[in-house]
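Analysis of the macromolecular model
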Amino acid sequence: MFGSPRVFQIVKIAAPFLLVVWFLGYVISYKSAYNGVVRQFKDERDLFISDFLEHEVDGSLDGRSIAELCAGKRWSPGLMLSCEPPPGGIGQVKNAHLNCIRFAIEMGAELVTPRIIKRSEKDIKVVKPHNGNGPYKGEPFDYFFDFAHFNQTLSKFCPQMKIHRSMDDLYQVPSVLNGYATNLEKLNTQIINGSVISNMTVWSDHLKSFVDEVSPPAKRTHPVRFHLDVTNWAFPASAHSPAFVQHFGRILRIREDARRVSASALYNMQKRFQLQLDPRHGLKSDTFAGLHLRTERDAEHVFPSFEDQAAYLLDYVTSSKARVVFMATGADESNVTAFAERATDFNVTVLLKKDLLQEDDLNVLKEFTWDQRALVDYEIMLRAGLMAGPSQSSFAWNLALRRNYVAGALEGALQVNTSAHIQWQDRHSTIFGDSEIGTVFRETVWP
């Protein structure tokens, strides 16, 4: 039987296949062992920063849901969308940019990469400074974000969308120099909660009808551009697949120099307090707490008083095992000092970026504007074992909703001894307060 030609043929075919499988298994195991040996000889700080840059706290970006959405749209070469540059911090700008991109996908349009309004360097309350020399076109995309990552990600998962770096790239296309202004109002969009699209299907139909009415496809002999007003809190997450909501915001990644400064700060925090942080492996609630206290001049009459915010945040920290606190940008210096002094009564150490950086990184930080420094905060706060902030903050909501996708986030929330209203809570993050805008943020922020 074993000498039969048929068995011989089976063995002849199977042997090379099994050999290949064995070889691949060997290479993978050898590579893993090799990498483990190499890591032992790398500088500890460099290795930590490298791990930080290579591993996102919520895992790898899975763009299949983005690809599915793009594949289901009708794309029109020569149809372009540009968007009014948004003012504000990372929470506002990130959501406005993602809404701009979401509009472009629905239109089946080429995208002119959106820009960003830089707030006044003299007065941070002035988020949209007047420009006496005409319309302010804003700062480039990479004022906040990593353009290479953005371009590569969309090229991979939404190759139908052509991306133009800026309007400067289109100077030889005179037909797009003037864009057709559009916004949700012009599309007769039904709105709920002040800004949220009530019916995505109806909105989509109105958008396509508006585009075809303004620029009929049959008569469209030259490229045409539409220009969208700043659109912040519009798209309901419930109208998209869970996978799309989880990964769409990841196409916008913080610029690398800010991420490197964040990684350095975390490394120095770990060494100083022996926190056992590992950028490769999710979050540990007993490492440190990231707090967002919002009392700067631009937050007046929008956020709760310092006393109310401080009382909740102190309750939050003392209810946990964390004895190290990182305080993000956004609070008046005297308020930070007062909070830090009170925290020492509970054996809690409060730190700012400047407390965690060495000279080289401090010099990089000093070159950043006020809003760019918040990018460093954002990346540090993403890695905090625990995080809390007020419900009026889009910055805090973006962090909380993204951290919700970290493994273990749904396993049980921290029990806080407080009477404050809680608008969001999972194992890693808490949003306190009962603001109406918090309800809108929860529904419309792309994490």
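Calculation notes
Every chain begins its residue count from 1, and numbering advances along the sequence as written. Confidence filtering applies because this is a predicted model: local features only for residues at pLDDT of at least 70, side-chain atom pairs given and counted only at 80 or more, and all residues used for totals across whole chains, interfaces and linings. Each side-chain value is derived from all of the structure's non-hydrogen atoms; neither hydrogens nor water enter the calculation. Aromatic pairing here means that ring centres of Phe, Tyr or Trp (its six-membered ring) are within 6.5 Å. Orientation follows from the plane angle: under 30 degrees is stacked, over 60 is edge-to-face, and everything else is tilted. Helix and strand definitions here come from DSSP, where helices need a minimum of 4 consecutive H or I residues and strands a minimum of 2 consecutive E residues; each element is numbered from the N-terminal end. Burial classes follow relative accessibility: with a 1.4 Å probe on protein chains only, a residue under 20% of its type's maximum area counts as buried, one over 50% as exposed, and anything between as partly exposed. Definition used: whenever NZ (Lys) or CZ (Arg) falls within 6 Å of the ring centre and also within 35 degrees of the ring normal, the charge is taken to sit over that ring. Residues belong to a common nonpolar core when they are buried Ala, Val, Leu, Ile, Met, Phe, Trp, Tyr or Cys residues joined through side-chain atoms within 4.5 Å. For this analysis, residues touch if any pair of their heavy atoms sits within 4.5 Å. Here, any two strands with at least 2 DSSP bridges between them count as paired. Every axis in this analysis is a line fitted to C-alpha atoms, fitted for helices over the stretch in contact. Angles between the N-to-C directions lie between 0 and 180 degrees. In this scheme, roughly parallel covers angles under 35 degrees and roughly antiparallel covers those over 145, while 65 to 115 is roughly perpendicular and the rest are oblique. Crossings are classed by handedness, with left-handed meaning an anticlockwise turn of the near helix from the far one by less than a right angle and right-handed meaning a clockwise turn. Asp, Glu, Lys and Arg are counted as charged, while Ala, Val, Leu, Ile, Met, Phe, Trp, Tyr, Cys and Pro are counted as nonpolar; the rest, among them Gly, fall into the polar class. Each residue after the first adds 1.5 Å to the expected span of a helix. Cysteine sulfur atoms are paired as a disulfide whenever they fall within 2.5 Å. Note on handedness: a crossover is taken as right-handed if, strands pointing away from the viewer, the path from the first strand over the helix to the second is clockwise.

Naming follows an unreviewed UniProt entry, where the chain appears as Alternative oxidase of Lasiosphaeria hispida.

A look at the packing of aromatic side chains
Within the structure shown, the criterion is met by 21 aromatic pairs. Note on F244 and W446: the rings are 5.7 Å apart at their centroids and 80° apart in plane angle, and the pair reads as edge-to-face. Taken together, the residues span a long stretch of sequence, with F244 in helix α7 (residues 242-248) and W446 in the segment after α14 (436-444) at a distance of 202 residues. The residues F244 and W446 share a single accessibility class, namely buried. Here a set of aromatic residues connected by ring pairs shows up, and it is made of F103, W203, F235, F244, F248 and W446. The lysine or arginine in question, R165, covers the ring of F147, its NZ or CZ lying 3.8 Å from the ring centre. Directly above the aromatic system of F52 lies the positively charged group of R383, at a separation of 4.2 Å from the ring centroid.

Digging into the nonpolar core
Soluble globular proteins tend to pack their nonpolar side chains together in the buried interior. With 97 residues, the main nonpolar core has I101, F150, M161 and F288 as its most contacted residues. When residues of this core are assigned to their parent elements, the largest contribution, nine residues, is made by helix α4 (residues 90-107). The contact partners of F150, leaving out residues within four places of it in the chain, are I101, L111, T113, F141, I163, I251 and L252. If you look at the next biggest cluster of nonpolar residues, it comprises 25 residues, including A289, A310, V317 and L414.

Observations regarding the sheet that holds strand β12 (residues 422-425)
Two orientations exist for strands paired in a sheet by backbone hydrogen bonds: parallel and antiparallel. The mixed open sheet is built from six strands, whose spatial order is β10-β9-β8-β11-β13-β12. Both outer strands of the open sheet, β10 (349-351) and β12, are each paired with one neighbouring strand and no more. Going from strand to strand, the sheet's axes swing by 20° on average, the running direction of each strand aside. Here three bridges tie strand β9 (residues 324-327) to β10, and the two strands are oriented parallel to one another. Among the inter-strand pairings, V325 is bridged to a residue of β10, identified as V350. In the packing of helix α12 (residues 370-382) onto the sheet, the strands contacted are β8 (289-291), β9 and β11 (386-390), and the crossing angle to β9 comes to about 150°.

Points about the packing of α12 against helix α13 (residues 394-403)
Put simply, α12 and α13 touch, their axes get as near as 10 Å, and they point 30° apart. Viewed along their axes, α12 and α13 adopt a mutual orientation that is roughly parallel. The hand of the α12/α13 crossing is right-handed. Here A374, D377, Y378, M381 and L382 of α12 lie close against α13, whose contacting residues are F395, N398, L399, R402 and R403. Of the residues that constitute the contact of α12 with α13, the class distribution is six nonpolar, one polar and three charged.

Concerning α12
End to end, α12 covers 19 Å across 13 residues, agreeing with the expected 18 Å (1.5 Å per residue, within 8%). Most of α12 sits out of view: twelve of its 13 residues are buried. For α12, the full list of buried residues reads W370, D371, Q372, A374, L375, V376, D377, Y378, E379, I380, M381 and L382.

A look at the state of the cysteines
In the structure shown here, the tally under the stated rule is two disulfides. Sulfur-sulfur distance for the disulfide between C70 and C158 comes to 2.1 Å. On the sign convention where negative is left-handed, the bridge of C70 and C158, at about -105° about the S-S bond, is left-handed. Here C70, found in helix α3 (residues 64-71), pairs with C158, found in the loop between α5 (147-157) and β3 (163-164); they are 88 residues apart in sequence, far enough to count as distant. Neither residue differs from the other here; C70 and C158 are each classed as buried. Two residues share a disulfide in this structure: C83 and C100, whose sulfurs sit 2.1 Å from each other. A torsion of 90° about the S-S bond marks the disulfide between C83 and C100 as right-handed. Highlighted residues: C83 in strand β1 (residues 79-83) and C100 in helix α4, separated in sequence by 17 residues. Of the two residues, C83 and C100, both sit in the buried class.

Concerning the environment of G282
Assignment of secondary structure puts G282 in the loop between α8 (256-273) and β8. Among the residues examined, G282 registers a relative accessible area of 35% and is labelled partly exposed. In sequence terms G282 and H55 are 227 residues apart; their C-alpha atoms lie 9.3 Å from each other. Those residues in contact with G282 that lie beyond four places of it in its chain are V57 and V406.

What about the pairing of β1?
Within a regular strand, the side chains alternate between the two sheet faces. In terms of burial, β1 is a largely internal element, five of the five residues being buried. Neither face of β1 is left uncovered, since the one carrying L79, L81 and C83 and the one carrying M80 and S82 both have all their residues buried. As paired elements, β1 and strand β7 (residues 224-228) share five bridges and run parallel to each other. The residue bridging L79 from the neighbouring strand is V224, located in β7. Summarising the sheet, β1 and strand β2 (residues 110-112) pair through two bridges and their orientation is parallel. Residue pairing in the sheet places M80 in a bridge with E110 of β2. This β-α-β element, β1 to α4 to β2, shows right-handed connectivity.

Re the packing of α4 against α13
Orientation of α4 relative to α13, taken along the N-to-C sense of each, is 65°, at an axis distance of 7 Å. If you check the angle between α4 and α13, you find them roughly perpendicular. Between α4 and α13, the contacting residues are I90, G91, Q92 and K94 on the first element and S394, F395 and N398 on the second. Split by residue class, the contact of α4 with α13 holds two nonpolar, four polar and one charged.

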